[in-house]
Amino acid sequence: MTFPRLRTNALFARGLIVLLMIVTLLPFLSMLSAALAPSGSYPSGLEWPSDPAWGNFAKAWQVANMTELMTSSVLIVLGTVPAAVLFATMAGFGLAKLTTKRSAWFYLVFVIGLTLPFEAVITPLYFEVRELGLLNTRGAIILPLIGLYMPFSVFWMRAHFLSIPQDLSEASQLDGARRWQEFWMVQVPLARPAIMSLSILLFLWTWNQFLLPVVLVQEPTRRTMAGALGAFQGQWGTDIPLLCAGSLIILAPTVILFLIFQRQFVAALLQGAVKG
């Protein structure tokens, strides 16, 4: 009686996974089929064209100045992700290992930040960036993103450091290590999976950032690739195949990065699930 039931449950689980995979891949397949349609046409749903127009990708790359946009996106990512990960790692360690119960309200500030809608701060953020003289610069994107990423990043890293046994900290202190030495030589190497997964998430969010670059930067070549999609859509919005080809080019780096580092990402999630 038990074996047939387990087999039925396994088949149901596999079928559900396959269904979710289809639902996930369907939009990408629809965009791909539309991107391969003749330029200037209107694709009708999910239909593979008889004569795929692969040249749409080259044309989309050229008309949208993808080379300059990719360079700008890389600069924004390099200015945002390392700083955000460094600050979040230090803050997470401090909140997990160095604070007392009386100072727990520090952590509540970051938790409240998780509930703040991103759209709610875009207007005051615009005036603040304008007063700093950073409008239409990459700094107008980098500095706000570092701050906006802090609530989730600190929450993520604090959860990891809480899972590290306190005995490890006490042993390092008995060996004569100071807190700063313990952080860099003991805690950071153990936090490598959490740091890697957080870096991947912040990279994806920064690369796909759309609203902030459009509002704070007028020059399309100084935005992220996703942010420049607004101007690209306004200029070529009637050319659906070209627009879909440009969108796939923008999505390609994030998909490739996730496929490369998916093991580290899953390892960090499993680590938190087992220890937490």
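Nothing here was measured: the structure is a model prediction, and the numbers come from that model.

What counts, and at which threshold
Residues numbered from 1 in each chain as written. Predicted model: local features only at pLDDT ≥ 70, side-chain atom pairs only at ≥ 80, totals over all residues. Heavy atoms only, no water. Helix = DSSP H or I, 4+ residues; strand = E, 2+ residues; numbered from the N terminus. Contact = heavy atoms within 4.5 Å. Areas by Shrake-Rupley, 256 points an atom, 1.4 Å probe, with all protein chains shown as cover. Salt bridge = Lys/Arg side-chain N within 4 Å of Asp/Glu carboxyl O. Buried < 20%, exposed > 50% of the residue type's maximum accessible area, 1.4 Å probe, protein only. Arc of directions from axis to C-beta. Polar contact = N/O pair within 3.5 Å; in protein donor to acceptor, adjacent residues only side chain to side chain. Axes fitted to C-alpha atoms, helices over the stretch in contact; angles between N-to-C directions. Nonpolar A, V, L, I, M, F, W, Y, C, P; charged D, E, K, R; others polar. Patch = residues over 30% accessible without salt bridge, like charges linked within 9 Å, V, L, I, M, F, W, Y side chains within 5 Å. pLDDT = per-residue confidence, 0-100. Parallel < 35°, antiparallel > 145°, perpendicular 65-115°, else oblique. Left-handed = near helix turned anticlockwise from the far one by under 90°. Phe/Tyr/Trp six-rings, centres within 6.5 Å; stacked < 30°, edge-to-face > 60°. Lys NZ or Arg CZ within 6 Å of the ring centre and 35° of its normal.

*Asks:* Just to check I follow, could you spell out the overall build of the protein for this structure?
*Replies:* Each helix and strand in the protein was counted, giving 13 helices and 0 strands. Put simply, the protein runs from its N terminus to its C terminus through helices and strands in the order α-α-α-α-α-α-α-α-α-α-α-α-α. Of the contacts made within the protein by residues no fewer than 6 positions apart, 73% connect residues no fewer than 24 positions apart. Accessible area for the protein stands at about 16,100 Å²; split by element, carbon and sulfur atoms hold 68% of it.

*Asks:* Looking at this model, I keep getting lost on the pattern of salt bridges. Mind explaining?
*Replies:* Proximity of charged atoms lets side chains of opposite charge pair with each other. The final tally for this structure, using the stated rule, is 1 salt bridge. A salt bridge links Arg-179 to Glu-182; its shortest N-O distance comes to 3.2 Å. Placement of the pair is Arg-179 and Glu-182 together in helix H8 (residues 179-190), with a separation of 3 residues, close to one helical turn. Overall, Arg-179 belongs to the partly exposed group, its relative accessible area being 32%.

*Asks:* How do you make sense of helix H5 (residues 122-131) when you look at a structure like this?
*Replies:* Note that an α-helix has 3.6 residues per turn; residues three or four places apart therefore point the same way. Three or more residues of H5 are buried, namely Ile-122, Leu-125 and Val-129. For H5, the angular spread of the buried residues around the axis is 55 degrees, confining them to a single face. If you follow the buried residues of H5, they end up packed against helix H6 (139-162) and helix H10 (211-216). Two residues or fewer past H5, Gly-133 is found with a positive phi of approximately 75 degrees.

*Asks:* Any chance you could explain the environment of Phe-203 here in plain terms?
*Replies:* Among the structural elements, Phe-203 can be located in helix H9 (residues 192-207). Separated by 126 residues in sequence, Phe-203 and Val-77 place their C-alpha atoms 6.4 Å apart. In this structure, Phe-203 is in contact with Val-77, Val-81, Pro-253, Thr-254 and Leu-257, ignoring residues within four places of it in sequence.

*Asks:* How should I be thinking about the side chain of Thr-221 in this particular structure?
*Replies:* As for its placement among the helices and strands, Thr-221 is situated in the loop between H10 and helix H11 (229-236). A polar contact is formed between the side chain of Thr-221 and the side chain of Glu-219, at a distance of 3.1 Å. Discounting chain neighbours no more than four positions away, the residues touching Thr-221 are Glu-68, Leu-69, Ser-72 and Arg-138.

*Asks:* For this particular structure, what's the right way to read the packing of H8 against H9?
*Replies:* Packed helices, taken two at a time, are described by their axes: the angle between them and the distance between them. One way to put it is that H8 packs onto H9 with a least axis distance of 4 Å and a crossing angle of 65 degrees. Facing Val-188, Pro-189 and Leu-190 of H8, the residues of H9 in contact are Arg-192, Pro-193 and Ile-195. In terms of residue class, the contact of H8 with H9 is made up of 5 nonpolar, no polar and 1 charged.

*Asks:* Is there a simple way to explain a nonpolar patch on the surface in this structure?
*Replies:* Among the surface-exposed residues, Ile-17, Met-21, Leu-25, Leu-26, Phe-28, Leu-29, Leu-46, Val-255, Phe-258 and Leu-259 lie close enough to one another that they form a single nonpolar patch of about 920 Å² accessible area. In this fold, Met-21 is placed in helix H1 (residues 2-35). Taking the relative accessible area as the measure of exposure, Met-21 reaches 46% and is therefore partly exposed.

*Asks:* Is there a simple way to think about the environment of Leu-108 in this case?
*Replies:* Within the secondary structure, Leu-108 sits in helix H4 (residues 105-114). Spatially, the C-alpha atom of Leu-108 lies 9.7 Å from that of Pro-151, the residues being 43 residues apart in sequence.

*Asks:* What is the right way to look at the confidence of the model for the protein in this model?
*Replies:* Averaged over all residues, the pLDDT of the protein is 83; the fraction at 70 or higher stands at 89%. Low pLDDT (under 50) marks residues 272-276, which in the prediction has 2 contacts with non-local residues, meaning those over four places away or in another chain.

*Asks:* Help me out: how do you make sense of unusual backbone geometry in this one?
*Replies:* A negative phi angle is the norm for most residues apart from glycine, just as the trans form is the norm for most peptide bonds. Although it is not a glycine, Asn-136 adopts a positive phi angle of roughly 65 degrees. Positionally, Asn-136 belongs in the loop between H5 and H6.

*Asks:* Before we go on, may I ask you to explain the packing of H6 against H9 in this structure?
*Replies:* Orientation of H6 relative to H9, taken along the N-to-C sense of each, is 155 degrees, at an axis distance of 11 Å. Compared by their axis directions, H6 and H9 come out roughly antiparallel. Handedness of the H6/H9 crossing: right-handed. Each of Leu-145, Tyr-149, Phe-152, Ser-153, Trp-156, Met-157 and His-160 in H6 lies in contact with H9, whose residues at this interface are Ala-194, Ile-195, Ser-197, Leu-198, Leu-201, Leu-202, Trp-205 and Thr-206.

*Asks:* Even after reading the chapter, I still don't get the packing of aromatic side chains, so can you show me in this structure?
*Replies:* Given two aromatic rings, their pairing is described by the distance between the two centres and the angle made by the two planes. Enumeration over the complete set of coordinates arrives at 12 aromatic pairs. Summarising the aromatic geometry, the rings of Phe-152 and Trp-156 are spaced 5.7 Å apart at their centres and angled 45 degrees between planes, so their arrangement reads as tilted. Taken together, the positions of Phe-152 and Trp-156, both in helix H6 and 4 residues apart, correspond to about one turn of that helix. Between Phe-183 and Trp-184 the ring centres are 5.1 Å apart and the planes differ by 75 degrees, which places this aromatic pair in the edge-to-face class. Judged by its relative accessible area of 2%, Phe-183 falls in the buried class. The class for Trp-184 is partly exposed, based on a relative accessible area of 38%. Put simply, the rings of Phe-93, Phe-161, Trp-180, Phe-183 and Trp-184 pair up and form one aromatic cluster. The ring of Tyr-107 is capped by Arg-158, whose NZ or CZ atom sits 3.7 Å from the centre of that ring.

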